[in-house]
Amino acid sequence: METTTQHTTSVKIPLVGVDNEHCAMLVDQELDKIDGITNHSVDVNNEWAKVGLDPQKNSIPQIVRSIRDLGYDVATLKQTFPVLEMSCASCAISVESILKVQKGVVNASVNYANGSAQVEYIPGTLDTAELRKAVQSVGYDLVLEQAEGRNIQEEAQQKHYLALKFKTIWSAVLAVPVVVIGMFWMDFPYGNWIMMVLTAVILSVFGKSFFVNAFKLARHGNANMDTLVALSTGIAFLFSVFTTVYPEFFHHRGLHSHVYFESAAVVIVFILLGKMLEEQAKSNTSSAIKKLIGLQPKQVTRITPEGQEQTITISEVQVGDKLLVRPGDKIPVDGLVLSGSSFVDESMISGEPIPVEKKEGLKVLAGTVNQKGSFRFIAEKVGSDTLLAHIIQRVQEAQGSKAPVQKLVDKIAGIFVPVVIGIAMLSFVLWQIFGGDNALTQGLLALVTVLVIACPCALGLATPTAIMVGVGKGAENGILIKDAESLELAHKITAIVLDKTGTITEGKPEVTDMHSITSLSDMQKSILLGIESQSEHPLAEAVVRKLRKEGIKSVSLDSFESITGKGVEAMYEGKTYRIGSQSFMEENAISADSTLKDQSQTLQKEGKTVIFFSEDNTLLAILAIADTIKKTSSQAISRLQKNGIEIYMLTGDNAHTAQAVAKQVGIRHYKAEVMPSDKADFIKDLQQQGKVVAMVGDGINDSQALAQADVSIAMGKGSDIAMDVAKMTLISSDLQRIPQAIRLSGLTVNAIRQNLFWAFIYNLIGIPVAAGILYPLYGYMLNPMIAGAAMALSSVSVVSNSLRLRWKN
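The name given to the chain in an unreviewed UniProt entry is Heavy metal translocating P-type ATPase, with the source organism recorded as Xanthocytophaga agilis. In the Subcellular location (unreviewed entry) part of its UniProt record, the chain is described as follows: "Cell membrane".

The structure is reproduced here in structure tokens:
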């Protein structure tokens, strides 16, 4: 695809939709306008553009954008690589920036939350080894081995978490005596020397990463909270060391020599604790993918051409292989049933709780679970081509394609840090010019005091304390919140997409209606229970549950026969009893009373499944079975709509049932018979319209859509995978918790804004005073010790404001 001459790199760009000379001419004209292209030609027959590129310029992203702007497309590949060694949102930005300028890369997106980089590139133009070298050059690493990449990343994340835990615990242990001596035993013999040694260990061993990260960012002209942590603790430590080693310097100038070891130590402990909690939350992001992969069995049974059964691994399965599935087995790959019949639980795909009948000629899907029968099928799609593999890939892409969320505090710090450093340096310079006899001493004090008073405790605590209280408040109300991002974003939700089964409804079929000409006797109910107890049909369980709740006892039947696709037939004390569809009754010359017929049609229009029960030639009763709507669903949906939020319902169920459920709960927008990928695409369309979208679901089939949504909410009684992908879980599976979560989000965000406001007001007043602005007017110079106390007071005020959330209703 690519050749190189001394001054030009030649690249073939695969085109889509450029199928005639007029199209080729338009592309040619557009390529003329792009800087960095030395020559170009468009080949309509092979559908590619051959482009000569200046190696000094990265023109490929512009070429792809220009071709797409014309209405055509470029066939690109997307690949996800685990990224190691990232410790903050700024790290993700650094990795993303370096990836975007690599040869052949069209676009790159780095997600700090799940530690992955998604790279879009033109086939044949990308050397992944060079990609890794580029990332390593800025202090990070890229895992290229796709098969082992996720395991390597998980191991690295686990090691990083354990290392942070170790650092946090031991830095806290060493910081305790430093704080005790610094705050209460200031006259302790050799106290300053003891504090100096302990703080040196905290900074150089446990806080080393802050200084390393600050240096990396400085090399690229960036700054974040790590920069301020490194500067404030570093300078406070060096100033304190100087005061400890040479106290006479200040004494001879009539100044008290105070040390700030405790400030440096405590800041490192608090920031490490925050990093540890963040890493713990991040480590859960891959568990959903692991569980999805676990849906595929590791071993399968293949039928050889000689008819023998052979156990092989899933990776050995080839298209065209004949495979055997026994009762309870997971179906390994997508295929077509050759012989046998059964019912298969396809809820992971459709979300519907009722197993689907499978017989010769019907499709089966990987990851779905076989029920009671066994069958043979031929493999049609294997490996990465199966629907399950596509779901896994889409979940990974949806998680990885979100732009990395740089925390508000880090964004502010990008401006705040250079400003603070500038003020500190300016105050030192001004003291040298106008300070008189003690210019050097006063200038040093001003420099250190500015950096100490601007220490990021209040800023660093502003967001996490409010989030921690908000998350705790959510848990009290049955709302488990996994991360800060979803809590911060929930109050902005403008559209909510609801799954039907298990979300709006209870998620399991129940008998909702039973109609008969004359009431069924207890004996007839016992016979009905006896028949349904032996039936393999999935709806039979609903009838069994209902009758057992009524205290009905089963009878022993004289004979029992299952008639595939129609119903069941049994004998008891010389009478023939049948249960099945209306057509099954008509085949046996059993006609329904006009009243029962009308009731049957009404029930079917409501989206319910109707079964018929007969004795000899007499129809005894009809039973309606449906997934019942939760009592609180309608009220919750109405409340959300009153708050101006658009509600959409998506379901894999049929149009009749979808319409009936939507009508009952008051939903105007709904779609039926949707596949998992359709749900994710629907959410993407809403997002492109500028909506902030929440997805609420409970099944494996919802995992793609949950990963795609801005705010993802799972039902507590749903699948583990849905709960792993989702950022919020409603323990009670009650939709009324959603308005509560949205209100809690608004209160939390308000608390964060108030905290940041007070933190900045404090800095706005404190920093100029620390720099010595009052000295020319009042002769007042802020003591660094008072600056340290003021810093602590600002932190207390921020924490107190966050705690007010606990008493909000």
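Draft legend 1. Quick peek at the overall build of the chain. Looking only at helices and strands, one finds 30 helices and 31 strands in the chain. Counting only residues that meet the buried cut, the chain has 51% of its 809 residues in that class. Long-range pairs, those at least 24 residues apart, make up 68% of the contacts in the chain between residues at least 6 apart in sequence. As displayed, the chain offers around 37100 Å² of accessible surface, 55% of which is attributable to carbon and sulfur atoms.

Draft legend 2. Local environment of the nonpolar core. Counting residues in hydrophobic clusters, the biggest one holds 40 residues, and the most contacted among them are Ile-493, Ile-496, Leu-498, Ile-504, Ile-667 and Ile-738. Top element by residues in this core is helix α28 (residues 737-771). It accounts for eight residues.

Draft legend 3. Spatial organisation of the pairing of strand β26 (residues 618-629). Counting buried positions along β26 gives nine out of 12 residues, so the element sits mostly inside the fold. Summarising the sheet, strand β21 (residues 505-516) and β26 pair through eight bridges and their orientation is antiparallel. Within β26, the position partnered with Ser-516 by the bridge is Ala-621. Alignment of strand β25 (residues 609-615) against β26, held across seven bridges, turns out to be antiparallel. Counted as the bridge partner of Glu-615 is Thr-618 from β26. The turn joining β25 and β26, which pair antiparallel and follow one another in sequence, is formed by two residues; a positive phi near 50 degrees is taken by Asp-616.

Draft legend 4. Structural view of the sheet that holds strand β20 (residues 495-499). Spatial ordering of the open sheet is given by β19-β31-β30-β29-β20-β27-β28, a layout of seven strands whose pairing is mixed. Looking along the sheet, the strands with just one partner apiece sit at the ends: β19 (479-481) and β28 (669-671). Each neighbouring strand pair of the sheet contributes to a mean axis angle of 20 degrees, computed without reference to strand direction. Note that β19 and strand β31 (residues 728-730) share three bridges and pair antiparallel. Looking across to β31, one finds that Ile-481 is bridged to Met-728. In this fold helix α25 (residues 676-688) packs onto β20, β27 (646-650), β28 and β29 (693-697), with an angle of close to 170 degrees to the strand it touches most, β20.

Draft legend 5. Spatial organisation of helix α6 (residues 191-206). For α6, with 16 residues, the first-to-last C-alpha span of 22 Å sits near the 22 Å given by 1.5 Å per residue. All buried positions along α6 are accounted for by Gly-191, Met-195, Met-196, Leu-198, Thr-199, Ile-202, Leu-203 and Phe-206.

Draft legend 6. Quick peek at the packing of aromatic side chains. The tally for this structure, following the rule as stated, stands at seven aromatic pairs. Summarising the aromatic geometry, the rings of Phe-166 and Trp-170 are spaced 6.4 Å apart at their centres and angled 50 degrees between planes, so their arrangement reads as tilted. Of this pair, Phe-166 and Trp-170 both sit in helix α5 (residues 146-183), separated by four residues, roughly a single helical turn. Taking 6.2 Å as the distance between ring centres and 65 degrees as the angle between the ring planes, the aromatic pair formed by Phe-166 and Phe-206 counts as edge-to-face. Of the two residues, Phe-166 is situated in helix α5 and Phe-206 in helix α6; the sequence distance between them amounts to 40 residues.

Draft legend 7. Summary view of helix α4 (residues 128-137). By the burial criterion, the buried members of α4 are Leu-131, Ala-134 and Val-135. The buried residues of α4 all sit within an arc of 95 degrees when viewed along its axis, so they share a single face. One or two steps after α4, the chain reaches Gly-139, where phi turns positive at roughly 95 degrees.

Draft legend 8. Main features of the UniProt feature "transmembrane region" (unreviewed entry) in the chain. UniProt tags residues 168-186, 192-215, 227-246, 258-277, 412-434, 440-463, 756-778 and 784-803 as "transmembrane region" (unreviewed entry). A distance of 28 Å separates the end C-alpha atoms of residues 227-246, which is 95% helix and 0% strand. In residues 756-778, helix accounts for 87% and strand for 0%; the two terminal C-alpha atoms are 30 Å from one another.

Draft legend 9. Representation of the side chain of Thr-576 in the model. When you line up the elements, Thr-576 lands in strand β24 (residues 575-580). Filtering out sequence-adjacent residues up to four positions away, Thr-576 remains in contact with Glu-569, Ala-570, Met-571, Ser-614, Glu-615 and Asp-616.

Draft legend 10. Focus on the sheet that holds strand β10 (residues 299-303). Across the sheet, which stays open at both edges, the six strands sit in the order β11-β10-β12-β18-β13-β16 with antiparallel pairing between neighbours. Edge positions in the open sheet fall to β11 (309-313) and β16 (363-364), since each of these has one partner strand only. Note: strand β13 (residues 334-340) against β16, two bridges, orientation antiparallel. Among the inter-strand pairings, Gly-335 is bridged to a residue of β16, identified as Val-364.

Draft legend 11. Highlighting a nonpolar patch on the surface. Together, Met-183, Phe-184, Trp-185, Phe-188, Tyr-190, Trp-193, Ile-194, Phe-242, Val-245 and Tyr-246 make up an exposed nonpolar region whose accessible area comes to about 1100 Å². Of all the secondary structure elements, the ones that give two or more residues to the nonpolar patch are α6 and α8 (225-245). Assignment of secondary structure puts Tyr-246 in the loop between α8 and α9 (248-251).

Draft legend 12. Representation of a positive patch on the surface within the structure. Taken together, the side chains of Arg-639, Arg-743, Arg-804 and Lys-808 define a basic patch exposed on the protein surface. As for its position among the elements, Arg-639 is in helix α23 (residues 633-642). The class for Arg-639 is partly exposed, based on a relative accessible area of 39%.

Draft legend 13. Representation of the pattern of salt bridges in the model. Applying the stated criterion across every chain, the model contains 17 salt bridges. Note that Lys-100 is salt-bridged to Glu-96, the shortest N-O span being 3.3 Å. You can see Lys-100 and its partner Glu-96 sitting in helix α3 (residues 89-100), four residues apart, about one turn around the helix. Between Lys-546 and Glu-550 there is a salt bridge; the shortest N-O distance is 3.3 Å. Judged by relative accessible area, Lys-546 falls into the partly exposed class, the value being 27%. When salt bridges with common partners are traced through the structure, they connect Arg-68, Asp-73 and Glu-120 into a single cluster.

Draft legend 14. Focus on the pairing of β29. The element β29 is largely enclosed, with a buried count of five among its five residues. The two faces of β29 match: Val-693, Met-695 and Gly-697 on one face and Ala-694 and Val-696 on the other face are all buried. Pairing of β29 with strand β30 (residues 711-715) involves four bridges; the strand directions are parallel. Counted as the bridge partner of Ala-694 is Val-711 from β30.

Draft legend 15. Representation of the environment of Ala-759. The topology assignment puts Ala-759 in helix α28. Sequence separation of Ala-759 and Ser-797 is 38 residues, and the distance between their C-alpha atoms is 8.9 Å.

Draft legend 16. Examining the environment of Arg-326 more closely. Considering the arrangement of structural elements, one finds Arg-326 in the loop between β12 (322-325) and β13. Put simply, Arg-326 and Phe-375 are 49 residues apart on the chain and 6.9 Å apart in space, counted from C-alpha to C-alpha. With near-sequence residues (within four places) excluded, Arg-326 lies in contact with Thr-301, Glu-309, Asn-370, Gly-373 and Ser-374.

Draft legend 17. Geometry of the packing of helix α19 (residues 522-534) against helix α20 (residues 540-549). At a minimum axis separation of 9 Å, α19 and α20 run at an interaxial angle of 140 degrees. Comparing their axes, α20 and α19 come out oblique. The interaxial crossing formed by α19 with α20 has left-handed handedness. Residues Lys-525, Leu-528, Leu-529, Glu-532 and Ser-533 of α19 form the contact with α20, whose own contacting residues are Ala-540, Val-543, Val-544, Leu-547 and Arg-548. For the contact of α19 with α20, the class distribution of residues is six nonpolar, one polar and three charged.

Conventions and cut-offs
- Residues numbered from 1 in each chain as written.
- Predicted model: local features only at pLDDT ≥ 70, side-chain atom pairs only at ≥ 80, totals over all residues.
- Heavy atoms only, no water.
- UniProt positions renumbered as here; feature names shortened; annotations may be inferred.
- Helix = DSSP H or I, 4+ residues; strand = E, 2+ residues; numbered from the N terminus.
- Buried < 20%, exposed > 50% of the residue type's maximum accessible area, 1.4 Å probe, protein only.
- Contact = heavy atoms within 4.5 Å.
- Areas by Shrake-Rupley, 256 points an atom, 1.4 Å probe, with all protein chains shown as cover.
- Core = buried A, V, L, I, M, F, W, Y, C linked by side-chain atoms within 4.5 Å.
- Pairing = 2+ DSSP bridges.
- Axes fitted to C-alpha atoms, helices over the stretch in contact; angles between N-to-C directions.
- Expected span 1.5 Å × (residues − 1).
- Phe/Tyr/Trp six-rings, centres within 6.5 Å; stacked < 30°, edge-to-face > 60°.
- Arc of directions from axis to C-beta.
- Patch = residues over 30% accessible without salt bridge, like charges linked within 9 Å, V, L, I, M, F, W, Y side chains within 5 Å.
- Salt bridge = Lys/Arg side-chain N within 4 Å of Asp/Glu carboxyl O.
- Lys, Arg positive; Asp, Glu negative; His and termini not counted.
- Charge placed at Lys NZ, Arg CZ, Asp CG, Glu CD.
- Parallel < 35°, antiparallel > 145°, perpendicular 65-115°, else oblique.
- Left-handed = near helix turned anticlockwise from the far one by under 90°.
- Nonpolar A, V, L, I, M, F, W, Y, C, P; charged D, E, K, R; others polar.

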